[in-house]
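Here's the letter readout for the chains.
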Amino acid sequence: MKKIRCRLEYRDFNNRDLIQFCTQVSNGIFNDADKFDAPAVAHAVFTTAFTNYTDSVARYENAPKIEKTAMELARKEMIEILDLMRLYVDQLANGDESLINLSGFVPTKATVDKSTPLVATESFDVRRTTNLGEVQVEIHKQSAYDALWYFVICSTSYNLPANIVNEGVLDFSNKNDNMRINLSNGRTKVFSNLPTGTMYYFYVIAANSVSVSPISSPKGLQL
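It should be emphasised that the depicted structure is a prediction, and the values quoted were computed from it without experimental measurement.

Q: Looking at this structure, I do not really get the sheet that holds strand β6 (residues 180-182). What am I missing?
A: The strands making up a sheet associate through backbone hydrogen bonding, with each pair oriented either parallel or antiparallel. The 4 strands are arranged β6-β3-β8-β9 in an open sheet whose pairing can be described as antiparallel. Edge positions in the sheet fall to β6 and β9 (219-222), since each of these pairs with one other strand and no more. Neighbour-to-neighbour, the strand axes of this sheet turn through a mean angle of 25°, independent of strand direction. Pairing of strand β8 (residues 199-207) with β9 involves 4 bridges; the strand directions are antiparallel. Within the sheet, the bridge partner assigned to Tyr-200 lies in β9 and is Leu-221.

What follows is the structure, encoded as structure tokens:
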């Protein structure tokens with residue numbers, strides 16, 4: 001049986017989810033001095049870094065090309081602080097799932113079932129960016145699985161067949177549209193230089209060491 005620890009998934013959160021997670025950790029640790037009497041990072045330091053991060057995200061959303069570097073630096077600082085807090089909670093909890101939950105972090109599983117096949121990934125968002133002909137696809141975390149790799153298909157076809165994934169093989173032999181596949185790391189994928197005036201459909205496929213998931217239902221976006 002594996003010792004229960006704090007999950008690391010916050011490192012890959014989008015800014016919205018990371019801000020919510022920081023608030024959760026701050027409330028969990030700093031509002032319970034009896035359980036967490038010597039945090040690795042002082043409350044004032046945490047609050048200063050968090051305020052800097054949230055402000056930088058707000059500026060970035062208004063002017064992404066100008067504020068991207070500042071936002072990324074503030075985000076990096078916030079994650080480094082969360083890493084210190086995570087190590088503190090892991091040491092204090094020593095495998096106590098309840099104490100990890102109380103801290104605001106999310107506990108790992110005591111055991112991992114590595115034989116469960118993946119199901120289709122239906123939880124994802126599709127949105128335009130501020131750049132012409134560019135689309136961002138954000139895939140939500142699947143907490144039931146570890147070490148997933150995601151692939152996103154951009155197609156002008158609404159009806160890609162469910163059996164387009166057969167024994168781990170993508171079969172496009174019967175398709176003749178302007179199809180693109182994003183194989184990049186992470187749960188956020190970007191498609192650039194898409195011709196405008198076209199309806200696009202986005203599909204997600206997940207993979208791990210056990211299986212390749214079925215293709216998701218499509219989500220459409222008109223450019």
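So that's the structure; there's more coming.
Q: In this structure, what is going on with helix α1 (residues 15-30)? I would like to understand it.
A: Helical geometry note: an α-helix holds 3.6 residues per turn, so side chains three or four residues apart project in the same direction. With 16 residues, α1 ought to run about 22 Å at 1.5 Å a step, and its terminal C-alpha atoms sit 22 Å apart, in line with that. Those residues of α1 that fall on the buried side of the exposure criterion are Asn-15, Leu-18, Phe-21, Cys-22, Val-25, Ser-26, Gly-28, Ile-29 and Phe-30. Among the structural elements, α2 (43-62), α3 (64-93) and α4 (97-103) are those in contact with the buried residues of α1. Capping of α1 at its N-terminal end is provided by Asn-14; its side-chain oxygen lies 3.2 Å from the backbone amide nitrogen of Arg-16.

Q: What is the right way to read the sheet that holds strand β7 (residues 188-191) from this model?
A: Read from one edge of the open sheet, 3 strands run β1-β2-β7, paired in antiparallel fashion. If you trace the sheet from one side to the other, it starts and ends with β1 (124-128) and β7, each paired once. Ignoring which end each strand starts from, the neighbouring axes of this sheet average 15° apart. The pairing of strand β2 (residues 135-139) with β7 spans 4 bridges and is classified as antiparallel. Residue pairing for β7: Val-137 is matched across the bridge by Lys-189.

Q: Whenever I open this one, the confidence of the model for the protein chain confuses me. Can you help?
A: Here the protein chain shows a mean pLDDT of 87. Residues at 70 or above account for 86%. In the model of the protein chain, strand β4 (residues 165-166) stands out as the element of lowest mean pLDDT, 66, in contrast to α2, which has the highest, 96.

Q: When you look at the packing of aromatic side chains in this model, what are you seeing that I'm missing?
A: Each aromatic ring pair is described using two quantities: the centre-to-centre distance and the angle formed by the ring planes. All told, the structure shown has 6 aromatic pairs when counted by the stated rule. Relative to Phe-21, the ring of Phe-13 has its centre 5.8 Å away and its plane inclined at 80°; by these criteria the two rings are edge-to-face. With respect to burial, Phe-13 and Phe-21 carry one shared label: buried. Arranged with centres 5.5 Å apart and planes meeting at 80°, the rings of Phe-21 and Phe-105 form a pair that is edge-to-face. Here the residue Phe-21 occupies a position in helix α1, and Phe-105 occupies one in the loop between α4 and β1, the gap between them amounting to 84 residues. For Phe-21, a relative accessible area of 7% translates into the label buried.

Q: It is not clear to me how the pattern of salt bridges should be interpreted in this structure. Could you clarify?
A: Side chains that differ in sign of charge can pair as their charged atoms come close. Scanning the model with the defined rule gives 9 salt bridges in all. Among the salt bridges present, the one from Arg-16 reaches Asp-17, with a minimum N-O distance of 3.6 Å. In this structure, Arg-127 engages Asp-125 in a salt bridge whose closest nitrogen and oxygen atoms are separated by 3.7 Å. Judged by relative accessible area, which is 29%, Arg-127 ranks as partly exposed. Accessibility expressed as a relative area gives 24% for Asp-125, which makes it partly exposed. Here the salt bridges share partners, and the residues they tie into one network are Arg-16, Asp-17, Asp-125, Arg-127 and Glu-138.

Each value, and the rule that gives it
Residues numbered from 1 in each chain as written. Predicted model: local features only at pLDDT ≥ 70, side-chain atom pairs only at ≥ 80, totals over all residues. Heavy atoms only, no water. Pairing = 2+ DSSP bridges. Helix = DSSP H or I, 4+ residues; strand = E, 2+ residues; numbered from the N terminus. Axes fitted to C-alpha atoms, helices over the stretch in contact; angles between N-to-C directions. Expected span 1.5 Å × (residues − 1). Buried < 20%, exposed > 50% of the residue type's maximum accessible area, 1.4 Å probe, protein only. Contact = heavy atoms within 4.5 Å. Polar contact = N/O pair within 3.5 Å; in protein donor to acceptor, adjacent residues only side chain to side chain. pLDDT = per-residue confidence, 0-100. Phe/Tyr/Trp six-rings, centres within 6.5 Å; stacked < 30°, edge-to-face > 60°. Salt bridge = Lys/Arg side-chain N within 4 Å of Asp/Glu carboxyl O.

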